[in-house]
Amino acid sequence: MVKISFPDGAIREYPDGSSAMDIARSISEGLARKVLAAMVNGSVWDASRPIHADASLRLLTWDHAEGRSTFWHSSAHLMAEAVESLFPGVKFWVGPAVDKGFYYDMDLGGRSMTEEDLRKLETKMNELAKQGNAYVRREISKDDAVNYFSDKGDEYKLDLLQGLNDGEITFYTQGAFTDLCKGPHIPHTGLIKAIKLTSLAGAYWKGDERNKMLTRVYGVSFPNQKEMDEHLLMLEEAKKRDHRKLGKELGIFTFDDDIGPGLPLWMPNGTIIIDELEKLARETEEDAGYKRVVTPHIAKENLYLTSGHLPYYAESMYPPMELEGVKYYLKAMNCPHHHKIFDAEPKSYKDLPLRLAEYGTCYRYEQSGELFGLMRVRCLHMNDAHIYCSREQFAQEFRAVNEMYLKYFKIFGIEKYVMRLSLHEPSKLGQKYINEPELWLETESMVREVLKESDIPFVEVPDEGAFYGPKIDVQIWSAIGREFTLATNQVDFAQGRRFKLSYTNRDNQPEVPLIIHRAPLGTHERFIGFLLEHYAGKFPLWLSPVQVKILPISDRFMEHAQHTLARLKKAGLRAEIDDRNEKIGKKIRDTELMKVPYMFVIGEKEVEADAVSVRKQGKGDAGMFPLSEIILTLTSEKENRQ
RNA sequence: GCCGUUGUAGCUCAGUGGUAGAGCACUUCCUUGGUAAGGAAGAGGUCGUGAGUUCAAUUCUCAUCAACGGCUCCA
């Protein structure tokens, strides 16, 4: 007998060799039907695998993340079986579960797959699923495994085997398909009831662009059609939030072939949002002791040689223009320009910390395949600033920057994000990272402390730092689920030295300042792209391009509408009159669709009372208010950025 | 940059080897209507661009540009 302890604390005895499935069945048949895998002593096992020792056990179903990923990984195997039947001789690389679904990378041996093939594969998969074949686990020696894949001429699986040793190699077989796989898997293919292969893509082998490109097929599957329908509905909803769609509908930005890829044109509505964001940044930075500067969009080659950017990033900068034998580059970052401002006048410790801020325009020649709406562009406006400080001042300055982030996030209601602390990799000092082992450790731990103090959840990622120091990135997700860095806060102890920046310290000695690069509002492009999706286009009053739409019931009330418009404008509100020859229902509908926060309806009653009937976007009729009263309400809402 | 897909009116999308259609938007007229679409008429596209095949190409082929889904990259 073995003692099995359950999550609720219960401990029961079962015959030695019982599987999780046996145990589930002993509880109820209904449960057994739902079990996908089991958590045994903290690792995920096949439900059918015999348990030979006392263990803690948690049965995993579709309701558990581990259950779902097991389900999706098993679906990848099912897909591989289907692919093998339609493309004999195909070789597989890896087929993991991902956030929502699964993929499998494969080498089709020179053949190519089409969207049509995906439909055929789905049909085949459904057919195979109906057979309800069990996923059978088999432990195998390394020699046997190597022989098996040598016979097949499968260099990919042989490559995987290289990293494995006897005792940790297992094969899984379902139906006609056998794969090297550590598992676990769901009990049988019959549990997979709804299947959709979503996309066909290329993916470099081992993620290295020097390697061969494999074919990657993405798919998603569910234990019932209802879940699939919900998933598809969710995708539809996400599409409606897509900033590219909303940006077009609301007249925020556009692209034009004659301007160039990745070069957004900001339309009047988008420019209003830019102006409001810059106003917020100016106020906030002024309060925090920043000084504004303005720098040119181009600079000589030498500047970027000094900064050290050019050797690393030449291919992602626009090529230089050459004038009188001198090369000029479009600036890809503002820091070197700011360093030159620091350097323009001698500095003493009394001048520190010096905080230079600029909404700087940068140009980066991002790879063509990387461009993505406003989120990844080639012309960007960065909420940039550089803080020059002493080592003693560093922690305090970094903390203040962090607080500024949180202040902004509160204003925008940004809650779903992850802070990522990127660290250096000691073995790459002097190559990828500047060779300052002590400074790396010191600043990394200071940054870590600041994050802990402010109680912000964060993850640490090794070998992701900038070449000049550790950094904190704020990661967010676009409507379609792609991850982006929204904002960044970086430590820099390289450029100060490179630019020979110094200040005179208390002991009358020259000292190199530490530099903090920070961009809490990221770039206008990415931030507004994010906000469009975050608010689903329904901007708060202060950011709305049109804040109030005045809707006269008929043209008899135009005079009162004009009078109302004048009053609103005088109060600093952005308002427009809908003077079209349309019925009020139509005007309301169109204004709702344009997501204007307030509508003022004006008819007979309102003229008599010198009032307006107020309608809030998405909320319907709010009743009649005297104009002066509602103006006060709106002004306060706007000024408080609610 | 690489793999795959797509490209028809301002937008969303039909369609065809014989020089194109719908809905919304737009213009004009009628209507002056009280909280999510009033009615009528009209205008608008050399079917992304270039070349080839053909008697004939928006449709087939190739190239190119751009967008989209991924991979790689992201100071």
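Keep in mind that what you see is a predicted model, and the values were worked out from it rather than measured.

1. Structural notes on the protein's contact with RNA strand B
As a matter of local geometry, RNA strand B sits amid 54 residues, with Tyr 204, Glu 370, Ile 553, Asn 581 and Arg 589 nearest to it. Put simply, 44% of the atoms of RNA strand B that lie within 4 Å of the protein are in sugar or phosphate. His 309 is positioned such that a nitrogen or oxygen atom in its side chain is 3.3 Å from a sugar or linking oxygen of RNA strand B. Contacts to RNA strand B include Gln 490, whose side-chain N or O atom sits 3.1 Å from a sugar or linking oxygen. In the surface near RNA strand B, the residues fall into 18 nonpolar, 15 polar and 21 charged.

2. Observations concerning the sheet that holds strand S7 (residues 55–60)
Pairing is mixed across the open sheet formed by 5 strands, whose spatial order is S2-S1-S7-S4-S5. Each having just a single partner strand, strand S2 (11–14) and strand S5 (43–45) make up the two edges of the open sheet. Taken pair by pair, the neighbouring strands of this sheet meet at an average axis angle of 40°, ignoring direction. Here strand S1 (residues 2–5) runs beside S7; their pairing, made up of 2 bridges, is parallel. Paired with Ser 5 across the strands is Ser 56, a residue of S7. Helix-sheet contacts for helix H3 (residues 65–86) involve strand S4 (37–40), S5 and S7, and the interaxial angle to S7 is about 65°.

3. Concerning the nonpolar core
Ile 252, Leu 277, Phe 394, Phe 412, Met 419, Leu 531 and Leu 543 are the most contacted members of the largest nonpolar core, which totals 61 residues. In terms of residue count, the dominant contributor to this core is helix H13 (residues 391–412) (8 residues). If near-sequence neighbours (up to four positions away) are discounted, Leu 531 is found in contact with Leu 277, Phe 412, Ala 536, Phe 539 and Leu 543. Of all hydrophobic cores here, the second largest spans 37 residues; its members include Met 113, Phe 177, Leu 197 and Val 220.

4. Focus: the environment of Gly 537
Mapping Gly 537 onto the fold places it in the loop between helix H16 (524–534) and strand S31 (548–552). A relative accessible area of 2% places Gly 537 in the buried class. Distance from Gly 537 to Pro 510, taken between C-alpha atoms, is 52 Å for residues 27 residues apart in sequence. Setting aside its immediate chain neighbours within four residues, Gly 537 contacts Leu 246, Leu 250, Leu 532 and Lys 595.

5. Details of the packing of aromatic side chains
Counted by the stated rule, this structure contains 31 aromatic pairs. Ring centres of Phe 6 and Tyr 14 lie 6.4 Å apart, and the angle between their planes is 65°; on these two criteria the pair is classed as edge-to-face. Of the two residues, Phe 6 and Tyr 14, neither departs from the other in class, the shared state being buried. Ring geometry for Trp 440 and Phe 493: centres 5.2 Å apart, planes at 90°, overall edge-to-face. Taken together, the residues span a long stretch of sequence, with Trp 440 in helix H14 (residues 437–453) and Phe 493 in the loop between strand S27 (483–492) and helix H15 (495–498) at a distance of 53 residues. Of the residues examined, Trp 440 reaches a relative accessible area of 0% and is grouped as buried. Judged by relative accessible area, which is 4%, Phe 493 ranks as buried. Through a chain of ring-to-ring contacts, three or more aromatic side chains come together here, namely Trp 62, Phe 71, Trp 72 and Phe 222. Over the ring of Tyr 103 we find Arg 216, and its NZ or CZ is 3.7 Å from the ring centre. The ring of Tyr 365 carries Arg 378 above its face, with NZ or CZ at 4.0 Å from the centroid.

6. Brief notes about the domain arrangement of chain A
On domain assignment, one finds that chain A holds domain 1 (2–61), domain 2 (66–238), domain 3 (284–534) and domain 4 (541–639). Computed from C-alpha atoms alone, the centre-to-centre distance between domain 2 and domain 4 is 57 Å.

7. Notes on the layout of surface pockets
Taken as a whole, the largest pocket holds about 1,600 Å³ of empty space. Lining of the largest pocket is provided by 48 residues; of these, Tyr 313, Arg 364, Glu 366, Arg 376 and Lys 471 occupy positions nearest its centre. Every element with two or more residues in the lining of the largest pocket is listed here: helix H11 (309–313), strand S23 (379–389), strand S26 (471–477), S27, strand S30 (514–519) and H16. The biggest single contributor to the lining of the largest pocket is S27, with 7 residues. Here the residues of the lining of the largest pocket sort into 19 nonpolar, 12 polar and 17 charged. Here the second largest pocket defines a volume of roughly 830 Å³.

8. Digging into the environment of Ala 494
Along the chain, Ala 494 turns up in the loop between S27 and H15. Here Ala 494 falls in the buried class, since its relative accessible area comes to 1%. The sequence separation of Ala 494 and Val 512 amounts to 18 residues, and the corresponding C-alpha distance is 9.7 Å. If near-sequence neighbours (up to four positions away) are discounted, Ala 494 is found in contact with Ile 434 and Tyr 468.

9. Side note on the sheet that holds S23
Read from one edge of the open sheet, 8 strands run S18-S22-S23-S30-S27-S26-S24-S25, paired in mixed fashion. Looking at strand neighbours, the two that pair on one side only are strand S18 (291–292) and strand S25 (458–461), the edges of this open sheet. Relative to S30, S27 runs antiparallel, the two sharing 5 bridges. Paired with Gln 490 across the two strands is His 517, which belongs to S30. Its contacts with the sheet put helix H12 (residues 335–344) on strand S22 (354–363), S23 and S30, and the angle it makes with S23 is roughly 35°.

10. Comments concerning helix H4 (residues 115–130)
When the terminal C-alpha atoms of H4 are compared, their 23 Å separation across 16 residues agrees well with the 22 Å that a helix rising 1.5 Å per residue should span. The complete set of buried residues in H4 reads Asp 117, Leu 118, Leu 121, Glu 122, Met 125, Leu 128 and Ala 129. Along the axis of H4, the buried positions cluster into a sector of 145°, meaning they face one direction only. Pointing more than 90 degrees away from the buried face of H4 are the exposed residues Glu 116, Thr 123 and Lys 130. Buried residues in H4 make contact with H3, strand S10 (101–107), strand S14 (194–204) and strand S15 (213–222).

11. Comments concerning the pattern of salt bridges
A full pass over the atoms with the stated rule returns 40 salt bridges. Between Arg 556 and Glu 604 there is a salt bridge, and its shortest N-O distance comes to 3.4 Å. In this pair, Arg 556 is assigned in the loop between S31 and helix H17 (558–570) and Glu 604 in helix H19 (residues 604–609), connecting sequence segments 48 residues apart. Residue classification places Glu 604 among the partly exposed residues on the basis of a relative accessible area of 43%.

12. Focus: the packing of H3 against H4
Relative to each other, H3 and H4 sit at 115°, their axes nearing to 9 Å. The angle between H3 and H4 falls in the class roughly perpendicular. When you trace H3 past H4, the crossing you get is right-handed. The segment H3 lies against H4, with Ser 75, Leu 78, Met 79, Glu 81, Ala 82, Val 83, Ser 85 and Leu 86 engaging Lys 120, Leu 121, Lys 124, Met 125, Leu 128 and Ala 129.

The rules we used
- Residues numbered from 1 in each chain as written.
- Chains lettered and ligands numbered in written order.
- Predicted model: local features only at pLDDT ≥ 70, side-chain atom pairs only at ≥ 80, totals over all residues.
- Heavy atoms only, no water.
- Near = heavy atom within 4 Å.
- Polar contact = N/O pair within 3.5 Å; in protein donor to acceptor, adjacent residues only side chain to side chain.
- Nonpolar A, V, L, I, M, F, W, Y, C, P; charged D, E, K, R; others polar.
- Pairing = 2+ DSSP bridges.
- Helix = DSSP H or I, 4+ residues; strand = E, 2+ residues; numbered from the N terminus.
- Axes fitted to C-alpha atoms, helices over the stretch in contact; angles between N-to-C directions.
- Contact = heavy atoms within 4.5 Å.
- Core = buried A, V, L, I, M, F, W, Y, C linked by side-chain atoms within 4.5 Å.
- Buried < 20%, exposed > 50% of the residue type's maximum accessible area, 1.4 Å probe, protein only.
- Phe/Tyr/Trp six-rings, centres within 6.5 Å; stacked < 30°, edge-to-face > 60°.
- Lys NZ or Arg CZ within 6 Å of the ring centre and 35° of its normal.
- Domains from an automatic or database assignment.
- 1 Å grid on protein atoms, 1.4 Å probe; cavity = no way out; pocket = protein on both sides within 12 Å on 5 of 7 lines; lining within 4 Å.
- Points joined across faces, edges and corners; volume = space filled by probe spheres on them.
- Expected span 1.5 Å × (residues − 1).
- Arc of directions from axis to C-beta.
- Salt bridge = Lys/Arg side-chain N within 4 Å of Asp/Glu carboxyl O.
- Parallel < 35°, antiparallel > 145°, perpendicular 65-115°, else oblique.
- Left-handed = near helix turned anticlockwise from the far one by under 90°.

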